[in-house]
Amino acid sequence: MRGMKTIAGAVAFALLGFGAQAATVSVDVHDLSEYASLTAGWKNAISEDFETLGAAGGRREVGVLDTAVGSFTTLGGKGTGGTVTDKKNNTTVKNTGTKLALRDGTVYGRTNIAPAGGKWFLDSNDTFGMVWNVALAGGHAFNKLIFALTDASDEGAYLRVTVDGVVQEILSKLKNGTTKLFVIDFGGPVHSAKIELGNYTKSTGGKQKTNDGFSVDAIQVAPVPLPAGLVLLGSAVAGFGVIGRRRARMA
Ligand SMILES: [Ca+2]
Ligand SMILES: [Ca+2]
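A. Here's a closer look at the overall build of the chain. The secondary structure content of the chain amounts to five helices and 15 strands. Looking at the chain as a whole, 42% of its 251 residues are labelled buried. Counting contacts in the chain only where the partners sit at least 6 residues apart, residues at least 24 apart contribute 76% of the total. A total accessible area of about 12400 Å² is found for the chain, and carbon and sulfur atoms account for 57% of it.

As structure tokens, then:
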């Protein structure tokens, strides 16, 4: 019985893509105009546009921001640029330049991207950048995501995008306020991912760099539905376990 249980479990894990070799991650960069075509057919995607979070507490610095698509925090550093010091853009926030910030309006080229008519976005606030620990409610699996990145690399920084510790893209020498779309495909279902958007002095990394702020918005994460057959198989595996325990007690 133990052998059958093990085999059934292995099949279930293999079908889910767990326990196998890590799938190949692909990262593609697109223009904002492609948003609708890129996400056509994304069923039941989980969105985060920062509208509810922004409105709930107003313009402010945030240490760890928990959202519908996981948590965000800063990569560190202390920003001292206009984003932090400019009174016009900071009339309602005591800004230390050491955390991310929820912002509205237009701040040095960063502004709301989605929804149309919305206001809020998440800003790196002149720090080294952001860490996004991607996760969905209930640990639900996902296989791809999209987000809009605005105003990166217009003040000399090399914006390096890493996924689970591997550098996947580097942006450099963009014009003020440029928005780029990132589509990350995990090559199969995953339950978590660590995305870092970090400013550096060189394309190869070098020192981390402050004062080249950027923002993210218009996020969608595509969940992977559990196939009905796997639910049945999971029940069968659980059933083997119950039978095995009963036999053990009878012995
Ligand atoms: Ca928004
Ligand atoms: Ca910038």
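B. Spatial organisation of the coordination of the calcium ion (ligand 2). Coordination of the calcium ion (ligand 2) by the protein involves Asp151 (O), Asp151 (OD), Asp154 (OD), Asp212 (OD) and Gly213 (O), with metal-donor separations of 2.2 to 2.9 Å. Counting along the primary sequence, the residues that act as donors to the calcium ion (ligand 2) give the motif D-x2-D-x57-D-G. Note that Asp151 is positioned in the loop between strand 9 (142–150) and strand 10 (158–163) and Asp212 in the loop between strand 14 (205–208) and strand 15 (215–223), a separation of 61 residues in sequence. The buried category is assigned to Asp212, whose relative accessible area is 0%.

C. Molecular detail of the coordination of the calcium ion (ligand 1). Protein ligation of the calcium ion (ligand 1) involves Asp49 (O), Glu51 (OE), Asn112 (OD1), Ala114 (O), Trp120 (O), Asp217 (OD) and Asp217 (OD), the donor distances falling in the range 2.3 to 2.8 Å. All donors of the calcium ion (ligand 1) come from a single chain, and their spacing in sequence reads D-x1-E-x60-N-x1-A-x5-W-x96-D. Placement of the pair is Glu51 in helix 3 (residues 51–57) and Trp120 in the loop between strand 6 (100–103) and strand 7 (121–123), with a sequence separation of 69 residues. The exposure class of Glu51 is buried, given its relative accessible area of 17%. Classification of Trp120 by relative accessible area gives buried; the value is 6%.

D. Local environment of the pairing of strand 6. A two-sided burial pattern is seen for strand 6, the buried positions comprising Leu100 and Leu102 on one face and Ala101 and Arg103 on the other. Sheet analysis places strand 3 (residues 60–62) next to strand 6, joined by three bridges and oriented antiparallel. Counted as the bridge partner of Glu61 is Ala101 from strand 6. Both strand 6 and strand 7 contribute to a ladder of three bridges, which runs antiparallel. Bridge assignment links Arg103 to a residue of strand 7, and that residue is Phe121.

E. Geometry of the confidence of the model for the chain. On average, residues of the chain score 87 in pLDDT, and 80% of them reach the 70 mark or higher. The low-confidence segment residues 4–15, where pLDDT is below 50, has 13 contacts with residues more than four positions distant or belonging to other chains.

F. Highlighting the packing of aromatic side chains. In this structure the tally under the stated criterion is five aromatic pairs. A centroid spacing of 5.1 Å and a plane angle of 20 degrees characterise the contact between Phe72 and Trp132, whose relative ring orientation is stacked. In this pair, Phe72 sits in strand 5 (residues 70–74) while Trp132 sits in strand 8 (residues 129–134), placing the two residues 60 residues apart along the sequence. For the ring pair Phe142 and Phe186, a centre distance of 5.5 Å and an interplane angle of 80 degrees mean the geometry is edge-to-face. With Phe142 in strand 9 and Phe186 in strand 12 (residues 179–190), this pair connects stretches of sequence that are 44 residues apart. Among the residues examined, Phe186 registers a relative accessible area of 3% and is labelled buried. Each residue in the set Phe50, Phe72, Trp132, Phe147 and Phe182 is aromatic and connected to the rest through ring pairs, giving one cluster. Its end group placed over the ring of Tyr200, Arg160 keeps NZ or CZ at 5.3 Å from the ring centre.

G. Structural context of the pairing of strand 5. Burial within strand 5 is extensive, with four of its five residues counted as buried. As paired elements, strand 4 (residues 64–67) and strand 5 share four bridges and run antiparallel to each other. Following the sheet pairing, Thr67 is matched in strand 5 by Gly70. In sequence, strand 4 turns back onto strand 5 through a hairpin of two residues.

H. Structural view of the side chain of Asp212. At 5.5 Å, Lys209 is the nearest oppositely charged side chain to Asp212, a buried residue that forms no salt bridge. A polar side-chain atom of Asp212 sits 2.8 Å from the main-chain amide nitrogen of Glu155. Beyond its immediate stretch of four places on either side in the chain, Asp212 contacts Asp126, Asp151, Ala152, Ser153, Asp154, Glu155, Gly156, Ala157 and Asn199.

Reading the values: the criteria
Residues numbered from 1 in each chain as written. Chains lettered and ligands numbered in written order. Predicted model: local features only at pLDDT ≥ 70, side-chain atom pairs only at ≥ 80, totals over all residues. Heavy atoms only, no water. Helix = DSSP H or I, 4+ residues; strand = E, 2+ residues; numbered from the N terminus. Buried < 20%, exposed > 50% of the residue type's maximum accessible area, 1.4 Å probe, protein only. Contact = heavy atoms within 4.5 Å. Areas by Shrake-Rupley, 256 points an atom, 1.4 Å probe, with all protein chains shown as cover. Donors = N, O, S within 2.8 Å, 3.2 Å for Na, K, Ca; no water. Pairing = 2+ DSSP bridges. pLDDT = per-residue confidence, 0-100. Phe/Tyr/Trp six-rings, centres within 6.5 Å; stacked < 30°, edge-to-face > 60°. Lys NZ or Arg CZ within 6 Å of the ring centre and 35° of its normal. Lys, Arg positive; Asp, Glu negative; His and termini not counted. Salt bridge = Lys/Arg side-chain N within 4 Å of Asp/Glu carboxyl O. Polar contact = N/O pair within 3.5 Å; in protein donor to acceptor, adjacent residues only side chain to side chain.

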